[in-house]
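Coordinate analysis (summary)
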Amino acid sequence: MKFGMPTLIELDSIEECAWICHELNLDFIEISMSLPQYTAKAIDADKFKETALKYGISYTIHLDENTNFSDFNTYTADATKVYVTDGIALAKKLDASIINMHFMPGEHFTLPERKIYLFEKYRDHYLKSIYDFRSMCEKAIGDSNIKICIENCNGYPDFQKEALGILLDSPVFGLTFDIGHNHSCGGLDESYIMENRSKLCHMHLHDAMGRKNHVPLGIGELDLNGYLRLAKERDCSVVIEVKTVEGLKDSVNWMKKNARM
């Protein structure tokens, strides 16, 4: 089981991140492509590979959180598909086996008595986009060992669960379990994750208190060791997804003293 860290906003270069990763004896860095220095066009793949070799680390990739390939606006959807294929090409160059992605629920209309998601209302149109996206990713990934792992955020409505089922029927897709997101939305995602645990490949590990997540390990309310055992059972790669260098160091220290897997 491998443990990693995110690219942190306090650190402006991959070299700085890699040095911290090495010093903390972590295995990989999850590159956030939301940051300008980590877009597909900004990354010098050869330099990143040299950095990984220098510090004895590897990479995973986190696509921009606004990735929405099912948008009804075809200009937006088509641009997103290009963006994802660029991300897959980057993963191949960096020998990154995991691409993490949020799964957008799309826009909604708020009526007096309920919320209506447009993807739910126009289900056939939405599901066609899911099948098309799956085929595109399968073609782009080819025979490489890359998995696109879908991360839980705020509870999956039923139309998203149906769409996830379509993606997970393909060997190139898997699940990321973000345990803090699950906690902050009242545990809405856990039953789905557990029902589909055979597809679980990646985990975002951080503590949480109420609706506040991404706090250092050991200062919140989560059964961290229980989730670590699940990660070990599934041989997940695990990102210690706290947002500061200090929080990361505190979390690694907690792991050394308290982790029971």
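Since the model is a prediction, treat every value here as computed from it, not as a measurement.

1. Side note on the overall build of the chain
Of regular secondary structure, the chain possesses 10 helices and 12 strands. Compactness check: the chain gives a C-alpha radius of gyration of 18 Å against a globular reference of 18 Å for 261 residues, within 12% of the reference. If you line up the chain on its principal axes, its C-alpha atoms span 50 × 40 × 30 Å. For the chain, with 261 residues in total, the buried portion stands at 52%. Total accessible area computed for the chain in this model is approximately 12600 Å², and 49% of it derives from carbon and sulfur atoms. Charged side chains of the chain number 29 positive and 39 negative; the gap between the two group centres comes to 3 Å.

2. Comments concerning unusual backbone geometry
Although it is not a glycine, Asn-25 adopts a positive phi angle of roughly 60°. Summarising the element assignment, Asn-25 is placed in the loop between helix 1 (14–23) and strand 2 (28–32). Even without being glycine, His-214 reaches a positive phi, approximately 60°. The residue His-214 is located in strand 11 (residues 212–215) in this model.

3. Overview of the side chain of Glu-241
Mapped onto the fold, Glu-241 is located in the loop between strand 12 (237–240) and helix 10 (245–258). By relative accessible area, Glu-241 is classed as buried at 7%. A distance of 3.2 Å separates polar atoms of two side chains, one belonging to Glu-241 and the other to His-204. Filtering out sequence-adjacent residues up to four positions away, Glu-241 remains in contact with Pro-6, His-62, Asp-178, His-204, Leu-205, His-206 and His-214.

4. Thoughts on helix 3 (residues 74–94)
For helix 3, with 21 residues, the first-to-last C-alpha span of 30 Å sits near the 30 Å given by 1.5 Å per residue. Looking only at helix 3, the buried set comprises Ala-77, Thr-80, Val-84, Gly-87, Ile-88, Leu-90, Ala-91 and Leu-94. Angular distribution of buried residues about the axis of helix 3 spans 160°; they occupy a single face of the element. Within helix 3, the exposed residues directed more than 90 degrees away from the buried face are Thr-74, Tyr-75 and Lys-93.

5. A word on the pattern of salt bridges
Pairing between side chains of opposite charge can happen when their charged atoms approach one another. Counted by the stated rule, this structure contains 7 salt bridges. We note a salt bridge from Asp-132 to Lys-128, for which the minimum N-O separation is 2.8 Å. Here Asp-132 pairs with Lys-128, and both are found in helix 5 (residues 123–141), just 4 residues apart, close to one helical turn. Lys-243 is the partner of Glu-241 in a salt bridge, and the nearest nitrogen-oxygen pair spans 3.9 Å. The exposure class assigned to Lys-243 is partly exposed, which follows from its relative accessible area of 42%. Overlapping salt bridges bring together Arg-123, Asp-124 and Glu-162 as one network.

6. Observations regarding the side chain of His-206
Here His-206 lies in the loop between strand 9 (200–205) and strand 10 (207–209). By relative accessible area, His-206 is classed as buried at 0%. Of note is the side chain of His-206, whose polar atom sits 2.8 Å from the backbone nitrogen of His-214. Apart from residues no more than four positions distant in its own chain, His-206 is found in contact with Asp-178, Ile-179, Gly-180, His-181, Asn-213, His-214, Val-215, Leu-217, Leu-222, Leu-224, Glu-241 and Val-242.

Cut-off values and rules
- Residues numbered from 1 in each chain as written.
- Predicted model: local features only at pLDDT ≥ 70, side-chain atom pairs only at ≥ 80, totals over all residues.
- Heavy atoms only, no water.
- Helix = DSSP H or I, 4+ residues; strand = E, 2+ residues; numbered from the N terminus.
- Rg over C-alpha atoms; globule rule 2.2 N^0.38 Å.
- Buried < 20%, exposed > 50% of the residue type's maximum accessible area, 1.4 Å probe, protein only.
- Areas by Shrake-Rupley, 256 points an atom, 1.4 Å probe, with all protein chains shown as cover.
- Lys, Arg positive; Asp, Glu negative; His and termini not counted.
- Charge placed at Lys NZ, Arg CZ, Asp CG, Glu CD.
- Polar contact = N/O pair within 3.5 Å; in protein donor to acceptor, adjacent residues only side chain to side chain.
- Contact = heavy atoms within 4.5 Å.
- Expected span 1.5 Å × (residues − 1).
- Arc of directions from axis to C-beta.
- Salt bridge = Lys/Arg side-chain N within 4 Å of Asp/Glu carboxyl O.

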